[in-house]
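Each chain, letter by letter, is given below.
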Amino acid sequence: MSDKLALLQHPGGSLLSHKHECCKWRSSAAQPRKPISWSLICGLMLFCLGMISLFTGHVASDLEWYSQRLMKRRSYFKLEGINKGPIDIWQSDYAKYFYGCSKRSRNFPLAIRARSSNGYLLIAASGGLNQQRTGISDAVVVARILNATLVIPELDHRSYWKDDSDFANIFDVNWFISYLAKDVTIVRRVPDKFMRSMDKPPYTMRVPRKSPPEYYLDQVLPILQRRSVLQLTKFDYRLANNIDDELQKLRCRANYHALRFTKPIQELGQKLVTRMRAMANRFIAVHLRFEPDMLAFSGCYFGGGDKERNELGEIRRRWETLTDVDADEERRRGRCPLTPHEVGLMLRALGFANDSYIYVASGEIYGGEETLRPLRDLFPNFYTKEMLANEDLKPFLPFSSRLAAIDYIVCDESDVFVTNNNGNMAKILAGRRRYMGHKRTIRPNAKRFGPLMMERDEMDWDTFARKVKAFQKGFMGEPDEMRPGRGEFHEYPYSCICERPLSDVVDNKRGDPRSEQGNQGLRERSKEEEPALGAKENEA
């Protein structure tokens, strides 16, 4: 079974099969002309690389990897042999070969100024913080497609979390406008003079989910040109995943660089990171997502008897489109989030010791302390933002989105990030951590873990741990876990991931400080040319 699983996780086949096919093709094509033996060529290449390594200090263990890269270059997510054998649970050995890249091309035209644009685009984002984040970054791209002037998006105040924070309460508005000034013209509001001159109020519409650029050009642009001001509502995941690479890079610039949290949020988030680092050189961040709304939406059962069924059932009725499901069947299919106890068991089975430090990012946990106790027993060095921030957290307590932003910062800075579902925060942070250097991101193999957790009492610990490690291959945040174009772009930003030149990796092996950021991930302040803070807003 493990052999079959390994083959399924390596669509390109094993390293041995690649070499065999390569040699077979060359030998059959070579018979009429009898050229130099391919094995001799490979030997010469290895010899040359070996000589180079004597002068560069490059370690011999990577020699085979380099020779393979020279013989047949692979694209992103196509590295051979990553998931063979045990892996480092704290960091990816292959992260150094890739980095985030989203700089605009020289051929990408400058933004259209407001007076020359096709009109003003109003965006009403929906959902919680991370769902809104997807909508905002997509709105930037849509404004570019339409040659429209983007008005600072409105945030959802009516979602489940009922947070009345505006864009400026969470994100640095001046930075957002100035960073994207060359790509899209952004203003705080439609000019009053323009609004007074309009015969009709702004036209409002909702576009279908994951609409391609052609839809916006064919269906939305004519309305914008006719009415001059257009509002798109419920704007989340309204842009297709697969679009032109230059537009994808704009998506990344908006998400990973332009959307910067306000100073109070950023300062508190970094303070919590500093406090975690003062206790441990490295730590794990766990996004439990075990709040009542999530559990109710899943339709799963977690052993709380009639009280749990009644409470979660009442919440579930808020979604009129949801139907009754078989809780046991949902669990067997891997559609239920793991309990905090099960998350702890997974981490211990993977090899994280009980003295590891963990930061738990979460809202109100269903069941409270009783639900969390088993996880605390497995990892006594257990911390939350409430425990670390103390009085500093008080100004943020009434605002769920600002609290989520603090968790976002700590999770982003953690050495290992563990998700418990494939929700918006999990996707957004997984994509960002890939972009920032493939920092270790672990997501449970839900389809295999559901049945495993139901059967765990029937096996000894060694058997359970062995199965967990086998099931988690391909779910540890390695570069080859997803093919380009598959899944949500916000989770797999393949167009914004570049291969690091061989010379840079060699320099890094020699301790060249210029390449140090290759292992730490691409940071906003070091790899992108950022505009000066306080740049003037584009005038209408």
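Let us look at the structure shown here. Predicted, not measured: the structure shown is a model, and the values here were computed from it. (Residues numbered from 1 in each chain as written. Predicted model: local features only at pLDDT ≥ 70, side-chain atom pairs only at ≥ 80, totals over all residues. Heavy atoms only, no water.)

1. With respect to the packing of helix 20 (residues 446-455) against helix 21 (residues 461-471)
Phase 1 of the analysis: Across the interface, helix 20 lies against helix 21 with an axial gap of 10 Å and an inter-helix angle of 170 degrees. Considering their axes alone, helix 20 and helix 21 lie roughly antiparallel with respect to each other. When helix 20 is examined against helix 21, the residues Arg448, Phe449, Leu452 and Met453 are found in contact with a partner set consisting of Phe464, Lys467, Val468 and Phe471.
Phase 2 of the analysis: Taken together, the residues of the contact of helix 20 with helix 21 sort by class into 6 nonpolar, no polar and 2 charged. (Axes fitted to C-alpha atoms, helices over the stretch in contact; angles between N-to-C directions. Helix = DSSP H or I, 4+ residues; strand = E, 2+ residues; numbered from the N terminus. Parallel < 35°, antiparallel > 145°, perpendicular 65-115°, else oblique. Contact = heavy atoms within 4.5 Å. Nonpolar A, V, L, I, M, F, W, Y, C, P; charged D, E, K, R; others polar.)

2. Regarding the state of the cysteines
Phase 1 of the analysis: All chains considered together, the criterion is met by 3 disulfides.
Phase 2 of the analysis: Two residues, Cys101 and Cys498, share a disulfide whose sulfurs are 1.8 Å apart. Residues Cys101 and Cys498 share a disulfide whose torsion about the S-S bond is about 80 degrees; that sign makes it right-handed. Remark: Cys498 occurs in strand 12 (residues 497-499) and Cys101 occurs in the loop between strand 1 (98-100) and strand 2 (120-125); sequence separation between them is 397 residues.
Phase 3 of the analysis: According to the relative accessible area criterion, Cys498 is partly exposed, its value standing at 24%.
Phase 4 of the analysis: Cys252 shares a disulfide with Cys496; S-S distance 2.0 Å. Measuring the twist about the S-S bond at about 95 degrees, one finds the Cys252-Cys496 disulfide to be right-handed. You can see Cys252 sitting in helix 10 (residues 245-258) and its partner Cys496 sitting in the loop between helix 21 and strand 12, a full 244 residues away along the chain. The pair formed by Cys252 and Cys496 is uniform in burial state, with each residue classed as buried. (Disulfide = S-S within 2.5 Å. Buried < 20%, exposed > 50% of the residue type's maximum accessible area, 1.4 Å probe, protein only.)

3. A few points about the pairing of strand 2
Phase 1 of the analysis: Counted residue by residue, strand 2 has 6 buried out of 6 residues, so it is predominantly covered.
Phase 2 of the analysis: Here strand 2 shows no split at all, with Tyr120, Leu122 and Ala124 on one side and Leu121, Ile123 and Ala125 on the other all buried.
Phase 3 of the analysis: Pairing between strand 2 and strand 3 (residues 149-151): 2 bridges, direction parallel. Paired with Leu121 across the strands is Leu150, a residue of strand 3.
Phase 4 of the analysis: Viewed along the sheet, the connection from strand 2 through helix 5 (residues 129-146) into strand 3 turns out right-handed. (Pairing = 2+ DSSP bridges. Right-handed = clockwise from strand over helix to strand, strands pointing away.)

4. Remarks on the pattern of salt bridges
Phase 1 of the analysis: A full pass over the atoms with the stated rule returns 29 salt bridges.
Phase 2 of the analysis: For Arg238, the salt bridge identified is with Asp236, shortest N-O distance 3.5 Å.
Phase 3 of the analysis: Arg238 sits in the buried class, given a relative accessible area of 9%.
Phase 4 of the analysis: Here Glu267 and Lys263 are joined by a salt bridge, their closest N and O atoms 3.9 Å apart. In this pair, Glu267 and Lys263 are both assigned in helix 11 (residues 263-279), 4 residues apart and thus about one turn of the helix distant.
Phase 5 of the analysis: With a relative accessible area of 46%, Glu267 lands in the partly exposed category.
Phase 6 of the analysis: Put simply, Arg104, Asp183 and Arg253 are held in one network by salt bridges that share partners. (Salt bridge = Lys/Arg side-chain N within 4 Å of Asp/Glu carboxyl O.)

5. Examining the side chain of Thr262
Phase 1 of the analysis: Counting through the fold element by element, Thr262 comes out in the loop between helix 10 and helix 11.
Phase 2 of the analysis: Taking the relative accessible area as the measure of exposure, Thr262 reaches 11% and is therefore buried.
Phase 3 of the analysis: Those residues in contact with Thr262 that sit more than four places away from it in its chain are Ala168, Asn169, Ile170, Phe171 and Asp172.

6. Focus on the environment of Phe475
Phase 1 of the analysis: Considering the arrangement of structural elements, one finds Phe475 in the loop between helix 21 and strand 12.
Phase 2 of the analysis: The class of Phe475 is buried, set by a relative accessible area of 17%.
Phase 3 of the analysis: The spacing of Phe475 and Ala446 is 29 residues in sequence and 9.9 Å in space, taken between C-alpha atoms.
Phase 4 of the analysis: Sequence-distant contacts of Phe475, that is, excluding residues within four places in its chain, are made with Thr441, Ile442, Arg443, Pro444, Asn445 and Glu481.

7. Details of the sheet that holds strand 4 (residues 186-187)
Phase 1 of the analysis: Taking strand neighbours across the sheet as the criterion, the 5 strands line up as 4-3-2-6-5 in an open arrangement whose pairing is parallel. Looking along the sheet, the strands with just one partner apiece sit at the ends: strand 4 and strand 5 (203-205).
Phase 2 of the analysis: Here 2 bridges tie strand 3 to strand 4, and the two strands are oriented parallel to one another. Its bridge partner being in strand 4, Leu150 is matched across the sheet by Ile186.

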